[in-house]
Amino acid sequence: MTQTLTADAVDPRALRDCCGRFASGVTVVTTRTGEGDHGMTISAFMSVSLDPPLIAISVGRTSRMLGRLRTSGRFAVNVLAQHMRPHALHFAGKPDASLASLIEHRSGVPVLQSAAAILIADVAQEVDAGDHALFIGHVRHLDHDPDAAPLLHHAGQFRRLEAIAAE
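First, a word on what this report is: a plain description of the structure on this page. As the structure is a computational prediction, the values presented were derived from the model and not from experiment. (Residues numbered from 1 in each chain as written. Predicted model: local features only at pLDDT ≥ 70, side-chain atom pairs only at ≥ 80, totals over all residues. Heavy atoms only, no water.)

## Remarks on the sheet that holds strand β1 (residues 24–25)
Next, step 1: Taking strand neighbours across the sheet as the criterion, the three strands line up as β1-β11-β12 in an open arrangement whose pairing is antiparallel. Strands at the two margins of the open sheet, each flanked by one partner only, are β1 and β12 (157–160). (Pairing = 2+ DSSP bridges. Helix = DSSP H or I, 4+ residues; strand = E, 2+ residues; numbered from the N terminus.)

Here it is in structure tokens:
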């Protein structure tokens, strides 16, 4: 059944459900402050520019990560590989003690071991965006595993990319 709403009657939950139909990769944003290392699972990540190399993340205004990103001025986007569902849950507020040693440091920023890709950036700009803030980061370091399959998020569930059969 199709659900249609007019622009002046958009319910936040309906918007979230509608946007949830867009499959996205899953990332954990990490940073370091004087209080230690911090991470948060997000799916709102995108490439902005190749020259200069810019990326963007979206962080909720009520998130503890917002102040931490402002304080540190640097962050890493860890693109999760398909086997990293426990990591996504861990950084989404469901701690798993067995993941205690999952962080290493690169360029002074915490990153996740065995991530499919890692982009380390300096905050170049913060943009007010309603109940979120967009952080545009200037990429200073990157690394990726060309063979890693991504962990996906679609309709509120974690998913795996299925292999495409040869035609």
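## Re unusual backbone geometry
Next, step 1: For the bond running from Asp51 to Pro52, omega is 5°, close enough to zero to count as cis.
Next, step 2: If you trace the backbone, Pro52 turns up in the loop between β4 (45–49) and β5 (54–60).
Next, step 3: In this model, Ser107 sits at a positive phi of 50°, which is unusual for a non-glycine residue.
Next, step 4: Backbone geometry at Ser114 places phi at a positive 65°, although glycine is not the residue there.
Next, step 5: Mapped onto the elements of the fold, Ser114 is located in the loop between β8 (109–112) and β9 (117–129).
Next, step 6: Residue classification places Ser114 among the partly exposed positions, given a relative accessible area of 46%. (Buried < 20%, exposed > 50% of the residue type's maximum accessible area, 1.4 Å probe, protein only.)

## Details of the sheet that holds strand β6 (residues 74–79)
Paired through their backbone hydrogen bonds, the strands of a sheet run either parallel or antiparallel.
Next, step 1: The antiparallel open sheet is built from seven strands, whose spatial order is β3-β2-β6-β9-β10-β5-β4. Both edges of this open sheet fall to β3 (36–42) and β4, since each of them pairs with a single strand only. Recorded for the sheet is a direction-independent mean angle of 35° between the axes of neighbouring strands.
Next, step 2: With 12 bridges joining them, β9 and strand β10 (residues 132–144) adopt antiparallel strand pairing. From the neighbouring strand, Asp128 faces β10, where its bridge partner is Ala133.
Next, step 3: Against the sheet, helix α2 (residues 64–72) contacts β2 (27–33), β3, β5, β6, β9 and β10, and its axis sits at roughly 55° relative to β2. (Axes fitted to C-alpha atoms, helices over the stretch in contact; angles between N-to-C directions. Contact = heavy atoms within 4.5 Å.)

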